[in-house]
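Structure at a glance
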Amino acid sequence: MNFALAEISSPRIGVALGGGAARGLSHIPYIEAMDEMGLYPAAIAGTSIGALIGAGWARGMTGKELREHATTVLGSFQLIAGTVLSAHRPSLIGMVQNGLSFQVDAESITGAFLPDGFPDAFSALRIPFSTVATDFYTWEQVVFREGSLRLAIAASMAIPAAFKPVRIEGATYIDGGVVNPVPLDLVAATSDILIGIDVNGTAMTPQDDQIPGMVDTGFVATQIMIDTIVRNMMERYPPDIYVQPSINAFGLLEFWRVKELLDAAEPDKDRFKRALEAKLEEFSRG
């Protein structure tokens, strides 16, 4: 799809793509749904994995192209492990100076997972795009709309502990999901129809008398905090359409399950289309 800004649909549709690591792959079926309806967003904002997918969409990739690329790049555990290891590669000097670190370089990972020839400038994108990261020292949200696109995506994706923080012009950044998991605020002002896609997961059904373990407890506690932030954001910037795909069965780092993740979100496409059609009719009635 090589559409220009002039072809963007009216009314203006703004889409906020949330963070959720591997679960963020479930954004793709909703992008495909808009493609099938002949609709293109007027503005896109993304956090973490949503920044990576959102940048591809803003560049002009279709949902089908995003699906094919994701399946090719993330189709096996061995391929992902090889990519991560080659991006990690601690040097002997670095280990002597800083000790052995198991954090992955977010910039290298971003470069490895973007399509070949992907531009490094926001200005090369066909749809206005913004992403958010968290300043490690000031604890504040920082929005990127210009400059190095790859660095901005890497900063937004720098999951604490898993990825190294990213340095940009003297500042240190970590994952944007820490402060703004679904960045509705970045597209609300320019949108007639505001869409939020939340891939954090949903509350779960209790499992009999089973007591959660340490890892599960920490993971769910993080989900609860993210959900609280998202709900506060929704009160300030109410989306016209809010999406939460059923993806609780997938772990945050299970990228190799890309086909299953895409299949899990697929059944919700028709509901999403109906909701969007209703909003379009409402808008046309004035």
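Preceding block: the structure.
Source: prediction; values computed, not measured. (Residues numbered from 1 in each chain as written. Predicted model: local features only at pLDDT ≥ 70, side-chain atom pairs only at ≥ 80, totals over all residues. Heavy atoms only, no water.)

Describing the pattern of salt bridges
Within the structure shown, the criterion is met by 12 salt bridges. A salt bridge links Arg67 to Glu32, with the shortest nitrogen-to-oxygen separation between them at 2.7 Å. A residue pair is termed long-range when its members are at least 10 positions apart, and Arg67 in helix α3 (residues 63-74) and Glu32 in helix α1 (residues 28-36) qualify at 35 residues. One salt bridge connects Asp227 with Arg231, and the closest N-O pair in it is separated by 2.9 Å. (Salt bridge = Lys/Arg side-chain N within 4 Å of Asp/Glu carboxyl O. Helix = DSSP H or I, 4+ residues; strand = E, 2+ residues; numbered from the N terminus.)

Quick word on the pairing of strand β4 (residues 141-144)
As defined by bridge partners, strand β3 (residues 129-135) adjoins β4 across four bridges and the pair is classed as antiparallel. Counterpart to Thr134 in the pairing with β4 is Gln141. Between β3 and β4, which follow one another and run antiparallel, lie five residues, and Trp139 among them has a positive phi close to 65 degrees. (Pairing = 2+ DSSP bridges.)

Things to note about helix α6 (residues 106-113)
Each full turn of the α-helix corresponds to 3.6 residues, which orients residues three or four apart in the same direction. Those residues of α6 that sit buried are Ala106, Ile109, Thr110 and Phe113. The arc enclosing the buried residues of α6, seen along the axis, measures out at 100 degrees, which places them on a common side. (Buried < 20%, exposed > 50% of the residue type's maximum accessible area, 1.4 Å probe, protein only. Arc of directions from axis to C-beta.)

A word on the nonpolar core
One finds Met34, Phe129, Ile195, Phe272 and Leu276 to be the most contacted residues of the largest nonpolar core, which totals 65 residues. The element contributing the most residues to this core is helix α2 (residues 49-59), with seven residues. Apart from the residues within four sequence positions on either side, Phe272 is in contact with Tyr30, Ala33, Met34, Ile195, Ile241 and Val243. Membership of the second largest hydrophobic core comes to 14 residues, among which are Ala45, Val187, Leu194 and Met234. (Core = buried A, V, L, I, M, F, W, Y, C linked by side-chain atoms within 4.5 Å. Contact = heavy atoms within 4.5 Å.)

Considering α1
For α1, a buried count of seven out of nine residues is recorded, marking the element as mostly surrounded by other parts of the structure. Buried within α1 we find Ile28, Pro29, Tyr30, Ile31, Glu32, Ala33 and Met34.

Regarding the pairing of β3
Burial within β3 is extensive, with seven of its seven residues counted as buried. Note: β3 against strand β6 (residues 171-174), two bridges, orientation antiparallel. Each bridged residue has a counterpart across the sheet, and for Thr134 the counterpart in β6 is Ile174.

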